[in-house]
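One-letter residues, chain by chain:
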Amino acid sequence: MNTWSGTWVAERLGVELAGDERLRGLLGLALRRNPKRAHLLVSNVLGKHVPQAPSVVYGHGVALGRRVRELLGEEAAGRAVVLGYAETATGLGHSVADGLSAAPCLHSTRRPVAGVATAGGFEESHSHATSHLLLPEDPALLAGDGPLVLVDDEFSTGNTVLNTVRALHARYPRERYVVVALVDMRSAADAGRLEEFAREIGARIDLVTTASGTVRLPDGVLERGQALVAQYEGAGGGGRTAAAPTGPQPRGDLTRVDLNWPAGLPDGGRHGFTPAHRARLDAALPAMAARIATALPEDAHRVLVLGFEELMYAPLRLATELERTTGAEVRYSTTTRSPVLAVDDPGYAIRSRLVFPAHDDPADGPGERYAYNVAGAGFDAVVAVVDSVADTPALHAPDGLLARLAEHTPHVLLAAVPSYVPAAAQDVPERPATMLPEPLRGPAFSSYAPEEVGWLLQDLSDVTLEAPTEEREEAIQSGGAHYAESLPVEYQPSEQYQQLFHNALDASAARLAHAVGVVTEIVLAERSPRPVLVSLARAGTPIGILMRRWAQHRHGLDLPHYAVSIVRGRGIDANALRRLAAHHDPRDVVFVDGWTGKGAITRELAQAVEEFEKTEGITGFDPEIAVLADPGSCVRTYGTREDYLIPSACLNSTVSGLISRTVLRADLVGPDDYHGAKYYRELADADLSVAFLDAVSARFEEVTEAACAEAKDLLAADRTPTWEGWAAVERISEEYGIHDVNLVKPGVGETTRVLLRRVPWKVLARAGAGSDLDHVRLLAEQRGVPVEEVPDLPYTCVGLIHPRFTRGATGADGTAVSR
């Protein structure tokens with residue numbers, strides 16, 4: 001039977017662990033050289049003091065993150081931010097964020113960085129080095145109202161968490177906090193203090209741990225512990241504490257490994273680490289680990305990857321990949337500031353220590369640093385991973401870390417990760433103008449359920465934006481206003497028109513469900529196994545929700561879904577892209593729209609994404625839109641290329657969550673704001689948004705087999721866009737003397753928009769077009785617009801906006817007249 005590594009301290013000081021039976025497997029005990037606390041709980045699974053298999057270390061953190069995700073639910077977990085504590089829990093915090101999957105991570109630091117504003121700070125009362133700084137590159141990271149997940153290795157008194165929450169809640173109040181720790185060792189009194197504090201600030205504070213219990217300390221334990229430390233250190237200690245060398249020493253081989261670390265990728269969460277950063281690291285890990293493996297000697301069977309103080313996550317991920325891809329027995333731990341007594345006894349957690357001077361020019365001055373349980377552990381090779389700030393002459397000095405390692409292993413490898421330098425080099429306001437709010441969600445904004453879509457928009461519901469159709473058209477065509485600066489008066493359909501919508505929905509629900517299935521299967525197979533759906537508001541939003549529902553129905557996936565604004569001639573909302581990049585890997589983002597016409601928005605998006613990458617330096621967004629219908633042959637990702645009626649095109653806000661078109665006007669939307677939109681709550685009685693979604697998704701089961709088969713065929717087919725729609729529009733523009741492709745709106749959906757929002761001139765209909773045009777014919781009749789049948793039209797219909805519009809182009813009753 002193995003001896004518990006807390007036996008030595010328990011026998012001499014009477015310290016006891018009580019509680020969960022797993023505690024002794026997770027924790028050992030040692031003695032601190034600290035006047036504030038005698039004992040140290042030494043984690044066997046943290047990877048700080050005790051070398052452990054990296055898969056075990058990483059697995060514990062990820063498992064905790066998954067439990068937090070389950071506790072919060074998908075919607076709240078998608079808005080969470082993780083904060084890990086330096087130095088011990090930086091890697092654990094990252095791992096918890098990985099378990100949450102979509103959470104950005106920040107860790108506190110004791111290393112100030114010139115030019116980076118402090119977003120907060122707090123004290124850790126029992127620590128040997130108390131001041132924690134929070135230095136996010138983007139202060140908005142802490143300013144959202146989503147849950148804040150605080151991660152530490154142990155939860156002993158709760159003081160550190162109380163100090164953190166108190167400091168942050170004063171600046172960035174929120175409703176929910178989650179405290180995560182490997183072990184909860186609070187007393188009953190300490191547990192009560194946290195609950196009382198939560199009531200005091202009016203927030204919910206949850207706790208997620210692997211195991212729980214208490215440490216029972218006898219009276220006088222601090223004094224007796226200090227005496228015991230003095231006794232053992234005065235006698236040279238019972239552990240293998242290596243003294244500084246005084247002359248030439250036997251040295252192991254030193255090999256420097258160039259990891260080829262991805263340019264611009266942060267080395268950790270000191271300034272924030274986003275899901276996009278995590279994706280870049282995941283992609284680069286195999287090659288970096290292979291470089292280490294190649295540099296290792298062939299006879300290295302037992303290898304330690306040794307991280308550096310706060311730099312825990314990158315070495316952990318490298319070690320995990322090395323463990324996965326090589327036959328070596330890989331272990332992982334890191335150096336530390338924490339002074340602990342070493343005693344070479346199987347019942348004591350710290351068997352040996354290496355002592356060396358700090359080598360990163362710390363702000364609090366020079367001092368000793370330590371590596372525990374490395375000496376005497378039988379490692380054939382040690383891979384020291386430091387950041388470039390710490391790759392100094394002190395690291396390579398005769399008494400430096402590398403020399404100390406070389407005394408105890410025949411091979412030392414050094415890998416330096418570039419220290420990340422934030423772009424901002426000057427102080428920024430505590431609450432900067434660039435702070436981006438969380439997505440708007442129903443029922444506060446839109447009639448959709450909150451998990452169905454998050455709107456990256458600002459609510460302009462209280463602003464009067466509507467203008468008569470004729471006034472808008474005259475201003476737009478004269479160049480006096482952009483179409484996105486105002487809104488058309490919402491069309492209120494007649495009873496006859498509403499019946500047409502219901503008839504069309506009944507007739508086409510299965511056809512729509514089939515197309516939804518096809519495009520979703522193509523996205524999952526070709527774009528990303530876990531895509532982030534980003535609909536172009538507003539027509540794309542119902543389609544994005546249907547794709548999200550298909551992914552749930554067919555694959556059990558719960559995909560993130562957002563709606564963003566794109567404006568012809570003005571581009572996509574760059575602030576929305578910034579927010580997406582901060583919370584997701586841009587490579588997973590799939591833009592979604594309802595249909596293509598001539599492809600103007602397709603081109604607009606491509607140009608906007610290219611410009612965004614140039615100005616922001618954020619890459620990875622794929623500008624190709626996934627659409628339900630692509631009659632213009634403008635994209636590769638579609639459900640069909642037929643031009644048929646999508647019933648959601650028949651209506652406006654009442655089939656789009658009661659949300660207006662998006663608005664972009666300088667006096668309402670600043671450079672650091674999302675584009676705007678209105679929520680028409682007053683139209684709730686006429687709302688068909690959810691009814692439309694339910695009618696289509698109810699047909700998923702019956703079309704699944706056929707949709708999957710067609711998707712498979714399309715994946716193997718040539719889907720290169722021909723842009724034949726654009727060519728047809730140019731031809732029509734010239735044939736009808738319009739000479740402006742922007743006034744030619746091809747396809748059933750676009751024609752419907754012309755009749756509902758613009759001043760129509762005429763409708764071209766393909767000869768023999770059937771019920772897909774019933775609603776178009778009715779609208780045209782109501783507005784006095786002629787419908788002209790045209791042979792060989794590539795679309796079912798085309799709507800023409802009046803090319804010479806003035807107020808005189810409409811009669812007294814608002815109908816169009818010829819000139």
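Residues numbered from 1 in each chain as written. Predicted model: local features only at pLDDT ≥ 70, side-chain atom pairs only at ≥ 80, totals over all residues. Heavy atoms only, no water.

Further remarks concern the overall build of the chain. Counting secondary structure elements, the chain contains 23 helices and 33 strands. Counting across all 819 residues of the chain, residues that qualify as buried make up 60%. Just so you have it, the chain exposes about 30,700 Å², and 49% of that area is on carbon and sulfur atoms. (Helix = DSSP H or I, 4+ residues; strand = E, 2+ residues; numbered from the N terminus. Buried < 20%, exposed > 50% of the residue type's maximum accessible area, 1.4 Å probe, protein only. Areas by Shrake-Rupley, 256 points an atom, 1.4 Å probe, with all protein chains shown as cover.)

Attention now moves to the sheet that holds strand β13 (residues 302–308). Spatially, the 5 strands line up as an open sheet ordered β12-β18-β17-β13-β14, and their pairing is parallel. Of all the strands in the sheet, just β12 (253–257) and β14 (329–335) have a single pairing partner and so form its edges. Looking at each pair of strands side by side, their axes are set apart by 20° on average, direction ignored. Bridging between β13 and strand β17 (residues 381–387) involves 4 bridges; their strand directions are parallel. Residue pairing for β17: Leu304 is matched across the bridge by Val382. Of the strands in this sheet, β13, β14 and β17 are in contact with helix α11 (residues 313–325), which crosses β14 at around 170°. (Pairing = 2+ DSSP bridges. Axes fitted to C-alpha atoms, helices over the stretch in contact; angles between N-to-C directions. Contact = heavy atoms within 4.5 Å.)

Checked against the element boundaries, Ala574 lands in helix α17 (residues 574–583). Linking Ala574 and Pro671, residues 97 residues apart in sequence, is a C-alpha distance of 9.2 Å.

Right, let's talk about helix α20 (residues 700–715) for a bit. Note: α-helices contain 3.6 residues per turn, so residues at a spacing of three or four share the same orientation. Most pronounced at Ala706, the bend in α20 amounts to some 30°. Here α20 has its buried residues at Phe700, Val703, Thr704, Ala707, Cys708, Ala711 and Leu714. Of the surrounding elements, those touching the buried residues of α20 are α15 (495–526), α16 (540–555), β28 (637–640) and α19 (689–697). (Bend = angle between axes of the 7 residues up to and from the residue.)

Within the secondary structure, His169 sits in helix α7 (residues 159–171). Side chain to side chain, His169 and Tyr177 meet in a polar contact 2.6 Å long. What His169 contacts, discounting residues up to four positions off in sequence, is Arg174, Tyr177, Ile201 and Ala203. (Polar contact = N/O pair within 3.5 Å; in protein donor to acceptor, adjacent residues only side chain to side chain.)

Here we take up the packing of aromatic side chains. By convention here, two paired aromatic rings are described through the distance between centres and the angle between planes. A complete count under the given rule lists 10 aromatic pairs for this structure. Judged by centre distance (5.7 Å) and plane angle (75°), the ring pair of Phe273 and Tyr313 falls under edge-to-face. Of this pair, Phe273 sits in the loop between β12 and α10 (275–295) while Tyr313 sits in helix α11; the two residues are 40 residues apart in sequence, bridging distant segments of the chain. As far as burial versus exposure is concerned, Phe273 and Tyr313 are alike and both buried. (Phe/Tyr/Trp six-rings, centres within 6.5 Å; stacked < 30°, edge-to-face > 60°.)

This brings us to the confidence of the model for the chain. On average, residues of the chain carry a pLDDT of 83, and 88% of them reach 70 or more. Every residue in residues 125–130 scores below 50 in pLDDT, and together they form 22 contacts with partners more than four places removed in sequence or on other chains. (pLDDT = per-residue confidence, 0-100.)

Below, the discussion takes up the layout of surface pockets. In this model, the largest pocket occupies a volume close to 1,300 Å³. Every residue lining the largest pocket is counted, 45 residues in all, and those nearest its centre are Glu137, Asp138, Arg578, Ala582 and Ile618. Secondary structure elements with two or more residues in the lining of the largest pocket: α6 (140–143), α10 and α17. A total of 6 residues in the lining of the largest pocket trace back to one element, the largest contributor, which is α17. The space that makes up the second largest pocket amounts to roughly 780 Å³. As for the second largest pocket, its lining consists of 33 residues, and the residues nearest its centre are Arg69, Leu100, Ser101, Ala102 and Arg530. Taken together, the residues of the lining of the second largest pocket sort by class into 12 nonpolar, 6 polar and 15 charged. (1 Å grid on protein atoms, 1.4 Å probe; cavity = no way out; pocket = protein on both sides within 12 Å on 5 of 7 lines; lining within 4 Å. Points joined across faces, edges and corners; volume = space filled by probe spheres on them. Nonpolar A, V, L, I, M, F, W, Y, C, P; charged D, E, K, R; others polar.)

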